[in-house]
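Coordinates in review
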Amino acid sequence: EIDELMLKVKEYIEQNLYDENRKSYVRNTEDRRIDISLLGAVYPFNVFSPKEKKVLNTVENINLTLRTYTGGYLRFERDHYMGGKNPWPIATLWMAMYYREINDIKKEKECIDFVVKSSNEYGFLGEQVDNETMSPSWVNGLDWSHAMFIIVLEKLSNIK
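Residues numbered from 1 in each chain as written. Predicted model: local features only at pLDDT ≥ 70, side-chain atom pairs only at ≥ 80, totals over all residues. Heavy atoms only, no water.

**Considerations on the layout of surface pockets**
Rolled over the atoms, a probe with the dimensions of a water molecule shows which regions are left empty. Selection rule: Put simply, the grid is 1 Å and covers the protein atoms alone, a cavity is a trapped set of points that fit a 1.4 Å probe, a pocket is an open set with protein on both sides within 12 Å along at least five of seven lines, and lining residues have an atom within 4 Å of a point. Grid points are joined across faces, edges and corners, and a volume is the space filled by probe spheres set on the points. Runs of H or I in DSSP of at least four residues are treated as helices and runs of E of at least two as strands, each being numbered from the N terminus.
Roughly 160 Å³ of internal volume is contained in the largest pocket. Along its surface, the largest pocket is lined by 14 residues, and Tyr 25, Leu 38, Leu 39, Ala 41 and Phe 48 are the ones closest to its centre. At three residues, the largest contribution of residues to the lining of the largest pocket is made by helix α2 (residues 53-65).

**Overview of the packing of helix α4 (residues 105-117) against helix α5 (residues 143-157)**
To keep it simple, the criterion reads: Where helices are involved, their axes are fitted lines through C-alpha atoms of the stretch in contact, as for all axes, and angles between N-to-C directions lie from 0 to 180°. Here the word oblique covers every angle except those under 35 degrees (roughly parallel), over 145 (roughly antiparallel) and from 65 to 115 (roughly perpendicular). In this scheme the crossing of two helices becomes right-handed for a clockwise turn of the near helix relative to the far one and left-handed for an anticlockwise turn of less than a right angle. We call two residues contacting when some pair of their heavy atoms lies within 4.5 Å. All amino acids are sorted into three groups, where Ala, Val, Leu, Ile, Met, Phe, Trp, Tyr, Cys and Pro are nonpolar, Asp, Glu, Lys and Arg are charged, and the leftover types, Gly among them, are polar.
At a minimum axis separation of 12 Å, α4 and α5 run at an interaxial angle of 140 degrees. Comparing their axes, α5 and α4 come out oblique. Crossing handedness for the pair α4 and α5: left-handed. Where α4 approaches α5, its residues Glu 108, Ile 112, Val 115 and Val 116 are matched on the opposing element by Phe 149, Val 152 and Leu 156. Looking at the contact of α4 with α5, its residues break down into six nonpolar, no polar and one charged.

**Focus: the nonpolar core**
This is how it is decided: Take the buried residues of types Ala, Val, Leu, Ile, Met, Phe, Trp, Tyr and Cys, join any two whose side-chain atoms come within 4.5 Å, and each joined set is a nonpolar core. The buried label applies to any residue whose accessible area, calculated with a 1.4 Å probe on protein chains only, is under 20% of its type's maximum; exposed applies above 50%, and partly exposed to all values in between.
Residues Ile 36, Ile 62, Tyr 73, Met 95 and Tyr 98 are the most contacted members of the largest nonpolar core, which totals 37 residues. For this core, the secondary structure elements donating two or more residues are α2, α3 (89-101), α4 and α5. Among the elements that make up this core, the one with the highest residue count is α3 (eight residues).

**Points about α5**
Along an α-helix, residues three or four apart share an orientation, since each turn contains 3.6 residues. Cut-off, in case you're wondering: By definition here, a helix of n residues has an expected span of 1.5 Å times n minus one. An arc is given here, and it is the one of the directions from the helix axis to the C-beta atoms.
Over its 15 residues, α5 extends 21 Å from the first C-alpha to the last, a length consistent with the 21 Å expected when each residue adds 1.5 Å. When α5 is considered as a whole, its buried residues turn out to be Ser 145, Met 148, Phe 149 and Val 152. Buried residues of α5, viewed axially, fall in a sector of 105 degrees; they line one side. Counted as exposed and oriented over 90 degrees from the buried face of α5: Asp 143, Ile 150 and Ser 157. Along its buried surface, α5 packs onto α3, α4 and β3 (126-130).

**Overview of the pairing of β3**
Stated formally: For two strands to count as paired, DSSP must find a minimum of two bridges between them.
The buried count for β3 comes to four of five residues, which makes it a mostly enclosed element. Between the end of β3 and the start of strand β4 (residues 135-140), which pair antiparallel, lie four residues, with Met 134 showing a positive phi angle near 55 degrees.

**Concerning α4**
Across its 13 residues, α4 extends 18 Å between first and last C-alpha, which sits within 8% of the 18 Å expected from 1.5 Å per residue. If you check which residues of α4 are buried, you get Glu 108, Cys 111, Ile 112, Phe 114 and Val 115. What you see down the axis of α4 is that its buried residues fit within an arc of 150 degrees, all on one side. The exposed residues of α4 that point more than 90 degrees off its buried face are Lys 106 and Lys 117.

**Points about the environment of Glu 77**
With respect to the secondary-structure elements, Glu 77 resides in the loop between α2 and α3. Classification of Glu 77 by relative accessible area gives buried; the value is 11%. Between the C-alpha atom of Glu 77 and that of Phe 124, which follows or precedes it by 47 residues, the distance is 26 Å.

Given below as structure tokens:
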């Protein structure tokens, strides 16, 4: 049954992917880094509720470790892809989804605004955002950034 499997997944995560020293969930058992994809355990997979203490600790660590000075988010701690200093629209939108789950509309809007402001003149979203120019960098018109933006907008349209 699905509930039994979900319980086993949750137990595994609790036993292997929570770092007591960091008071945070980590991305794997080897490098123990903070990763934005950890939020997937809250949404869309519902392994944890968004206000559980360990989830709140993890979000705090995400904000301390992955949020850039321009307001966007990196993918994971010590990411070296293309210099490793530029935020990713998809990561920032994942944070927006988390903030939607906890009904923090102000922070959700900040994330969405960052992504909108960093699109190009045609509305294309990049793979990353250049912190210096606040414009898309690397791949421009990246499908997965656009797909996540549509998911966020669809979730907003379902607000009652």
